[in-house]
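Tertiary structure, described
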Amino acid sequence: MNRQGRATSNFEENYMQQLCLASPAPSLKVENWLRGAPLTNFQPGKVYIVEFWSTSCGPCVRAIPHLIELQSEYKDEGLEVVGIAASEEAPTPDQARTKLDAWLTEKVSNLNYRIGFDSTGEMNKLWMDASSSLGVPTFFIVDRDGHIAFIGHPIDIDAVLPKIFNDTWRGSDEAKATDAERIAADHSARTPDPRDDSTGNGSKGLAGSALSG
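These notes cover the structure that comes with them.

Conventions used here
- Residues numbered from 1 in each chain as written.
- Predicted model: local features only at pLDDT ≥ 70, side-chain atom pairs only at ≥ 80, totals over all residues.
- Heavy atoms only, no water.
- Helix = DSSP H or I, 4+ residues; strand = E, 2+ residues; numbered from the N terminus.
- Areas by Shrake-Rupley, 256 points an atom, 1.4 Å probe, with all protein chains shown as cover.
- Core = buried A, V, L, I, M, F, W, Y, C linked by side-chain atoms within 4.5 Å.
- Buried < 20%, exposed > 50% of the residue type's maximum accessible area, 1.4 Å probe, protein only.
- Contact = heavy atoms within 4.5 Å.
- Pairing = 2+ DSSP bridges.
- Axes fitted to C-alpha atoms, helices over the stretch in contact; angles between N-to-C directions.
- 1 Å grid on protein atoms, 1.4 Å probe; cavity = no way out; pocket = protein on both sides within 12 Å on 5 of 7 lines; lining within 4 Å.
- Points joined across faces, edges and corners; volume = space filled by probe spheres on them.
- Nonpolar A, V, L, I, M, F, W, Y, C, P; charged D, E, K, R; others polar.
- Salt bridge = Lys/Arg side-chain N within 4 Å of Asp/Glu carboxyl O.
- Arc of directions from axis to C-beta.
- Patch = residues over 30% accessible without salt bridge, like charges linked within 9 Å, V, L, I, M, F, W, Y side chains within 5 Å.
- Lys, Arg positive; Asp, Glu negative; His and termini not counted.
- Charge placed at Lys NZ, Arg CZ, Asp CG, Glu CD.

Along its length, the protein chain carries seven helices and six strands. Mapped in sequence order, the helices and strands of the protein chain form the string α-β-β-α-β-α-β-α-β-β-α-α-α. Working note: accessible area of the protein chain is about 11800 Å², and carbon and sulfur atoms make up 51% of it.

See the structure below:
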């Protein structure tokens, strides 16, 4: 097999292994549960929003009130919201956990959903890296049979969630198109721009040198 063939094969293999629509949900390997009872596995019949977030992320913080509303609105239908703080910044993991705990106490005393803290990198590896998700906030919705129904931004949650509850989303063309667009966008974001090479000979390098000169 030539180099191009091997590259294509590797890309296809990575794509097939990627966490995406209809994949079984990964494990919840959380270091500490700071709010709510520990959750070790997804219960059949429930729908879970697993949100990766950080206190230093403005959109993440702004999403909290709406997540509180969603947890209340859909509680009787089996919704469980789970916030995963896996990118808190502090000199040590203990300091990061303590800072997060204090932040939650001060800023969101009415929190009604679980918050998990992880500094080991395991949750990021299983969820964020596996789905090629590049930043927070990133939402994963796990449907009633433990499979991924949605990966994306909180702005799309209100349109998607009712369809997941009435079982019309995961197998739909809309869901497949949405996930295909996400994967293509993530792949594009990870592909180096040939114009932005390390020698500075590309068009972006020339523009940068002109601006700095």
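Turning our attention to the nonpolar core. The biggest cluster of nonpolar side chains holds 35 residues, and the ones touching the most others in it are Ile-49, Trp-53, Leu-79, Leu-104, Ile-141 and Leu-161. Contributions of two or more residues to this core are made by strand S2 (47–53), helix H2 (58–73), strand S3 (79–85), helix H3 (93–107), strand S4 (114–117), strand S5 (138–142), strand S6 (148–152) and helix H5 (157–165). Residues contacting Leu-79, with those up to four places away along its chain left out, are Val-47, Ile-49, Leu-70, Gln-71, Tyr-74, Leu-161 and Phe-165. Core analysis: the next-biggest nonpolar cluster, separate from the first, contains 20 residues, Leu-39, Val-50, Phe-140 and Ile-148 among them.

Pairing within the open sheet is mixed, and its six strands lie in the order S1-S4-S3-S2-S5-S6. Strands with a single pairing partner mark the edges of an open sheet, and in this sheet they are strand S1 (32–35) and S6. The average undirected angle you get between the axes of adjacent strands in this sheet is 20 degrees. One ladder, built from four bridges, connects S5 with S6; its direction is antiparallel. What sits directly across from Phe-140, in S6, is Ile-151.

Within the fold, Val-61 resides in helix H2. Between the C-alpha atoms of Val-61 and Pro-137, which are 76 residues apart in sequence, the distance is 9.1 Å. Excluding anything up to four places from it in sequence, Val-61 contacts Ser-54, Thr-55 and Trp-103.

Attention now goes to empty space enclosed by the protein. Counted under the stated rule, the structure contains one cavity of 30 Å³ or more. Broken down by element, the residue count for the lining of the largest cavity peaks at four residues, all from S6. Tallied by class, residues from the lining of the largest cavity come to seven nonpolar, one polar and one charged.

Attention now moves to the pattern of salt bridges. This model, assessed by the stated rule, comprises eleven salt bridges. One salt bridge connects Arg-97 with Asp-94, and the closest N-O pair in it is separated by 2.5 Å. Highlighted residues: Arg-97 and Asp-94, both in helix H3, separated by three residues, approximately one helical turn. For Asp-145, the salt bridge goes to Arg-170, with nearest N and O atoms at 2.9 Å. Of this pair, Asp-145 sits in the loop between S5 and S6 while Arg-170 sits in the loop between H5 and helix H6 (173–190); the two residues are 25 residues apart in sequence, bridging distant segments of the chain.

Every buried residue of H5 is accounted for by Ile-157, Val-160, Leu-161, Ile-164 and Phe-165. In an axial view of H5, the angular spread of the buried residues amounts to 130 degrees, which keeps them on one side of the axis. As for H5, its buried residues are in contact with S2, H2, S3, S5 and S6.

A separate point is a negative patch on the surface. Together, Glu-69, Glu-73, Asp-76, Glu-77 and Asp-158 make up a region of like negative charge exposed at the surface. When you line up the elements, Glu-69 lands in helix H2.

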